[in-house]
Amino acid sequence: MSIFGEVPQAAPVAVFKLTADFREDQNPRKVNLGVGAYRTDEGQPWVLPVVRKVEKMIADDHSLNHEYLPILGLPEFRSSSSKIALGEDSPAIKDNRVGAVQCLGGTGALKIGAEFLRRWYNGTDNTKTPIYVSAPTWENHNAVFSNAGFEDIRPYKYWDAGKRGLDLEGFLGDLESAPDHSIFVLHACAHNPTGTDPTQDQWKQIADVMKRKSLFAFFDSAYQGFASGNLDKDAWAVRYFVSQGFELFCAQSFSKNFGLYNERVGNLTVVAKDQDNLNRVLSQMEKIVRITWSNPPSQGARLVAITLNTPELFAEWKDNVKTMADRVLLMRAQLKEKLKALGTPGTWEHITEQIGMFSFTGLNSKQVEYLVKEKHIYLMASGRINMCGLTTKNIDYVAESIHEAVTTVQ
Amino acid sequence: MALLKTSKFIPSVGSLRPFLATLPIRASSWWTEVQMGPPDPILGVTEAYKRDTNSKKMNLGVGAYRDDSGKPFVLSCVRKAEALISSKMLDKEYLPIGGLGDFNKACAELALGPDSEVLKSKRSITVQTISGTGSLRIGANFLSRFHTVARDVYLPKPSWGNHTPIFRDAGMQLKAYRYYDPATCGFDFTGALDDISTIPEHSVIVLHACAHNPTGVDPRPEQWKELSAVIKKRKLLVFFDMAYQGFASGDIDRDAWAVRYFIEQGHNVLLSQSFAKNMGLYGERVGGFTVVCADAEEAKRVESQLKILIRPIYSNPPMNGARIASTILSTPELRATWLEEVKDMANRIIKMREMLVTNLKKEGSTHNWQHVIDQIGMFCFTGLKPEQVERLTKEFSVYMTKDGRISVAGVTSGNVGYLAHAIHQVTK
């Protein structure tokens, strides 16, 4: 008789199951367009040259040790990361009202932010405060907030499947009808999974409603630099909100733009009205961190801090980021061209209009199943593809397969 | 609660909040009602120590090993492992949610022993965690979700300060069983047995596998045997916290004896392991959480649920430290070096305990300081009272926590004499 006799088997996390299935597939033409990790044109993971360089610097520096970091993380990492998000000359930083918590990846940053909000946002029990996440959104958003105790997680209209673009009207409508003080999770750039971002003008409209209704902006920034190739451009929305006087959170991930996936490097940037409020917020976040992981891992943060704080390395990093972003842009352009050349029914402009790692192809679940089972091309049931999985060697096969799926499977 | 402007009552939010008059946006904040969190008691000690200008100051608060010059110590097996790893030019792809497989295997073997029946029958699951804290947190969350038959977690009195808030935040209720006897500065064996024998069935009981934190007081093997019997009788769920394997006695098997004995006796335990101290990997956050199950099938189900718990916290764990630990444990030459170095660290601590007592006697102290030698591991519950601790800090710049706990790791052959002198002054 076991106490765990009744523990049910949980379903595997879809995106990881996809990769597992891909690995087991013996077909030589298989393509993995599932998990969101960058690949080179040879289909290989890419450790950024600047990362290898700094890793070696760290390894050779025997004055460094493995002592505990402070609970909130490595100070030089936190401040330089926030600068990346808000800009070197951010007035909010100059006003000493920006702080940060080093976290385990973007997920960890969302987690700490969510736990704080549940305890302190609007009164001391926010279990009933509505959390709005985009429809669709990264599949883990829901779990992060519900595990933090939020009971009311709602979608806001975002993706218009018909026109394959942003449903601005629906988005603004949901903002208007949301209860005041609701919390909105916004993708800073390169929306996951649709790759569809609001334009600057659309962001302004969004911000207007949010300000008027006192809605809280919780930005998820996992692709800064990776979307357009330009750090400042990708941070425009966050900085605009700050300039409009919002207090906000920004969960930053360095998994993709530094290629540091497995070192779990993230930063929760906090923008408050003033330093006093900021300090109290950080003190409470410290308590949350202490009972979650005590203090964060050192290696990745060191690496990022050294890179961001050393001019030549910083320049080299920006260059590496542009390399990745450019390859993705190239694959987007080529995929669209090939589908057009094949005469694949439908419009494919969205492939180049969308931005970042992912594209919401618009393929339905039957067509996706066809691709996976018949063509050994692995993508998410939602039709989301990781553009990084495309290479000059497989793009023809993928384009032809999409063509087949669209023309033969309804 | 601060509002940016007056608003209507919102039925979906449970409580009424006072309205404020309309304020310009910059003047009011969401966070006006957020209280300042209390300073961490242990960190507070280090902060005060840093500010002190006395050249003789000693920091006996921090639970991190120091060498005989008072410096942090990076194990040579760690440096070698790091060099090996960097030569491999590995990629940085995400680890699975449950962590590095090689690490999990080695971690489980280290605790359970290579001949473990549990490992042979594959009836346990080990996941990589964010060091000991992360392991306890996952364990607490798992209990909260699946151990619905009982909500109570029994901690020894006293226990590591962070145990209580971790379990509480996960939704469990905290209770205690007698453990430390201030009269003897030793183990309150009869008190522990008495208390444990009345714990309601199926409750969770936390046991420190070795080198109890903060007291340094461990049960002897015969006492562990009796504890196991009474715990079995009460049908309690055992949760071992093992943060000091190897670090306590210098022998990894000896330090894991209680865990292995309990398993042999049929307890299907939960186990948290940390490699912060025994490999000096503090900031790399290396740990493991193990659940011993009825059979392999159950272990698979439990594993799937642990992943569901982990994913919304941090998705998957950090590679660096786990890779180092795994390399050390599975490379024979490095493992041998590690065992030596762990023994050296443990022996230095033991030597400092002996020197402290010798010096106290030399100072003329007539108190019984035997407990300083009898206690084991990084910490020593000196028996000093808060007023005495305060004097130690104010008059001698010796920093420690108010409960009289010192980190013996902060004692060196260079400062042990000074420490003995200071302690004698406040206790004579």
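The structure presented is a predicted model; accordingly, all values stated were derived computationally and were not measured.

Thresholds applied
Residues numbered from 1 in each chain as written. Chains lettered and ligands numbered in written order. Predicted model: local features only at pLDDT ≥ 70, side-chain atom pairs only at ≥ 80, totals over all residues. Heavy atoms only, no water. Helix = DSSP H or I, 4+ residues; strand = E, 2+ residues; numbered from the N terminus. Rg over C-alpha atoms; globule rule 2.2 N^0.38 Å. Buried < 20%, exposed > 50% of the residue type's maximum accessible area, 1.4 Å probe, protein only. Contact = heavy atoms within 4.5 Å. Areas by Shrake-Rupley, 256 points an atom, 1.4 Å probe, with all protein chains shown as cover. Lys, Arg positive; Asp, Glu negative; His and termini not counted. Charge placed at Lys NZ, Arg CZ, Asp CG, Glu CD. Domains from an automatic or database assignment. Buried area = accessible area lost by both parts, 1.4 Å probe. Salt bridge = Lys/Arg side-chain N within 4 Å of Asp/Glu carboxyl O. Polar contact = N/O pair within 3.5 Å; in protein donor to acceptor, adjacent residues only side chain to side chain. Nonpolar A, V, L, I, M, F, W, Y, C, P; charged D, E, K, R; others polar. UniProt positions renumbered as here; feature names shortened; annotations may be inferred. Pairing = 2+ DSSP bridges. Axes fitted to C-alpha atoms, helices over the stretch in contact; angles between N-to-C directions. Disulfide = S-S within 2.5 Å. Parallel < 35°, antiparallel > 145°, perpendicular 65-115°, else oblique. Left-handed = near helix turned anticlockwise from the far one by under 90°. Right-handed = clockwise from strand over helix to strand, strands pointing away. Phe/Tyr/Trp six-rings, centres within 6.5 Å; stacked < 30°, edge-to-face > 60°. Core = buried A, V, L, I, M, F, W, Y, C linked by side-chain atoms within 4.5 Å.

A. Focus on the overall build of chain A. Along its length, chain A carries 16 helices and 13 strands. Over its C-alpha trace chain A gives a radius of gyration of 22 Å, about what one expects of a compact globule, namely 22 Å for 410 residues. Projected onto the principal axes, the alpha-carbon positions of chain A cover approximately 60 × 60 × 55 Å. Buried positions account for 64% of the 410 residues belonging to chain A. Here the contacts in chain A between residues at least 6 apart in sequence split such that 75% fall between residues at least 24 apart.

B. Inspection of the overall build of chain B at higher detail. Secondary structure summary: chain B contains 16 helices and 13 strands in total. Its C-alpha atoms give chain B a radius of gyration of 24 Å, near enough to 22 Å, the size a compact globule of 428 residues would have. In terms of its C-alpha atoms, chain B occupies a principal-axis envelope of roughly 75 × 60 × 55 Å. Per-residue burial for chain B yields a buried fraction of 60% across its 428 residues. Summarising the internal contacts of chain B: among those between residues at least 6 apart in sequence, 74% fall at separations of at least 24. Accessible surface, chain B: about 17,000 Å² in total, of which carbon and sulfur atoms supply 54%. Looking at charge distribution, chain B has the averaged site of its 53 positive side-chain charges lying 5 Å from that of its 44 negative ones.

C. Summary view of the domain arrangement of chain B. Residues and elements named next belong to chain B. Annotation of chain B at the domain level lists domain 1 (41–73 + 347–426) and domain 2 (94–330). The C-alpha centroid of domain 2 is placed 29 Å from the C-alpha centroid of domain 1. Contact residues are listed per partner, giving 16 residues for domain 1 and 17 residues for domain 2. Together, I376, F379 and F381 form the three largest contributors to the area buried by domain 1 at its contact with domain 2, with a combined 41%. Joining domain 1 to domain 2, the criterion identifies 0 salt bridges. The tally of links from domain 1 across to domain 2 stands at 4 residue pairs in polar contact (both at pLDDT 80 or more). Among the elements that make up the side of domain 1 that touches domain 2, the one with the highest residue count is strand β11 (residues 379–381) (3 residues). Here the side of domain 1 that touches domain 2 is composed, by residue class, of 8 nonpolar, 6 polar and 2 charged.

D. Structural context of the UniProt feature "domain: Aminotransferase class I/classII large" (unreviewed entry) in chain B. If you check UniProt for "domain: Aminotransferase class I/classII large" (unreviewed entry), the listed places come out as residues 56–423 of chain B in our numbering. The straight-line gap between the two end C-alpha atoms of residues 56–423 of chain B is 14 Å; of that span, 46% is helix and 15% is strand.

E. Here's a closer look at the UniProt feature "domain: Aminotransferase class I/classII large" (unreviewed entry) in chain A. This chain's UniProt record puts "domain: Aminotransferase class I/classII large" (unreviewed entry) on residues 29–402 of chain A. Across residues 29–402 of chain A, the secondary structure splits into 45% helix and 15% strand, with the terminal C-alpha atoms separated by 14 Å.

F. Local environment of the pattern of salt bridges. In the structure shown here, the tally under the stated rule is 43 salt bridges over all chains. A:R119 serves as the salt-bridge partner of A:E115, at 2.6 Å between the closest nitrogen and oxygen. Of the two residues, A:E115 and A:R119 both sit in helix α5 (residues 105–120), 4 residues apart, roughly one turn of that helix. The class for A:R119 is buried, based on a relative accessible area of 15%. Residue A:D152 is joined to A:R154 by a salt bridge in which the shortest nitrogen-to-oxygen separation is 2.8 Å. Beyond isolated ion pairs, a larger network of salt bridges with shared partners links A:K111, A:E115, A:R118, A:R119, B:R137 and B:D169.

G. The arrangement of the sheet that holds strand β3 (residues 131–135) of chain A in detail. Residues and elements named next belong to chain A. Spatially, β2-β10-β9-β8-β7-β3-β4 is the arrangement adopted by the 7 strands of the open sheet, whose pairing is mixed. Looking at strand neighbours, the two that pair on one side only are β2 (98–104) and β4 (153–157), the edges of this open sheet. Pairs of neighbouring strands in the sheet enclose a mean axial angle of 25 degrees, with direction left out of account. The pairing of β2 with strand β10 (residues 265–271) spans 7 bridges and is antiparallel. Bridge pairing in β10 links Q102 to N267.

H. Representation of the state of the cysteines in the model. This model, assessed by the stated rule, comprises 0 disulfides over all chains. A:C388 takes part in no disulfide bond, and the closest cysteine sulfur, belonging to A:C189, lies 14 Å away. For B:C77, which is in no disulfide, the shortest distance to another cysteine sulfur is to B:C107 and amounts to 15 Å.

I. Structural detail: the packing of helix α3 (residues 75–86) of chain A against helix α12 (residues 298–309) of chain A. Residues and elements named next belong to chain A. In contact at an axis separation of 9 Å, α3 and α12 are set at 55 degrees when each is read in the N-to-C sense. Taken together, the axis directions place α3 and α12 in an arrangement best described as oblique. Judged by the sense of rotation from one axis to the other, the crossing of α3 with α12 is left-handed. Mapping the contact onto sequence places E76, F77, S80, S81 and I84 in α3 and A301, V304, A305, L308 and N309 in α12.

J. Broad picture of the packing of α5(A) against helix α11 (residues 296–314) of chain B. Contact geometry of α5(A) with α11(B) gives a least axis separation of 5 Å together with a crossing angle of 85 degrees. By the angle class used here, α5(A) and α11(B) are roughly perpendicular. Contact with α5(A), carried on its side by A:T107, A:G108 and A:K111, involves B:R311, B:P312, B:I313 and B:Y314 of α11(B) and no other residues of that element. Its residues placed into classes, the contact of α5(A) with α11(B) shows 3 nonpolar, 2 polar and 2 charged.

K. Structural detail: the pairing of β4(A). Residue and element names in this part refer to chain A. Across 5 bridges, β3 lies against β4 in parallel orientation. When the sheet's bridge partners are listed, A135 is paired in β4 with K157. In this fold, the crossover linking β3 to β4 by way of helix α6 (residues 140–147) has right-handed handedness.

L. The domain arrangement of chain A, seen in detail. Residues and elements named next belong to chain A. The assigned domain composition of chain A is domain 1 (14–46 + 326–408) and domain 2 (75–309). Each of domain 1 and domain 2 has a C-alpha centre, and these two points are 28 Å apart. Counting residues at the interface gives 19 residues for domain 1 and 16 residues for domain 2. Overall, the association of domain 1 and domain 2 removes approximately 1,500 Å² of surface from exposure, summing both partners, and the carbon and sulfur fraction of that is 63%. Summed over the three residues of domain 1 that lose the most area to domain 2, namely I355, F358 and F360, the buried surface amounts to 39% of that side. At the junction of domain 1 with domain 2, the criterion picks out 0 salt bridges. Our count for the domain 1 to domain 2 interface comes out at 5 residue pairs in polar contact (both at pLDDT 80 or more). Where the side of domain 1 that touches domain 2 is concerned, the elements lending two or more residues are α13 (311–342) and β11 (358–360).

M. Quick peek at the packing of aromatic side chains. Inspection of every chain in the model, using the stated rule, returns 47 aromatic pairs over all chains. Both rings, one in B:Y177 and one in B:Y179, keep their centres 6.5 Å apart while their planes meet at 75 degrees; by these two values the pair is edge-to-face. The burial state of B:Y177 is the same as that of B:Y179; both residues are buried. Taken together through their ring pairs, the aromatic side chains of A:F116, A:Y121, A:F145, A:F150, A:F216, A:F218 and A:F249 make up a single cluster.

N. Quick look at the nonpolar core. Among the nonpolar cores identified, the biggest contains 142 residues, and A:L268 and B:W31 are the most heavily contacted of them. Ranked by the residues each element gives to this core, the list is headed by α13(A), at 8 residues. Once residues lying within four places of it in the same chain are set aside, the contact partners of A:L268 are A:G99, A:A100, A:V101, A:C103, A:A109, A:I112, A:G113, A:F218, A:F249, A:C250, A:A251 and A:M285. Counting residues in hydrophobic clusters, the runner-up holds 66 residues, among them B:M58, B:F247, B:W369 and B:L419.

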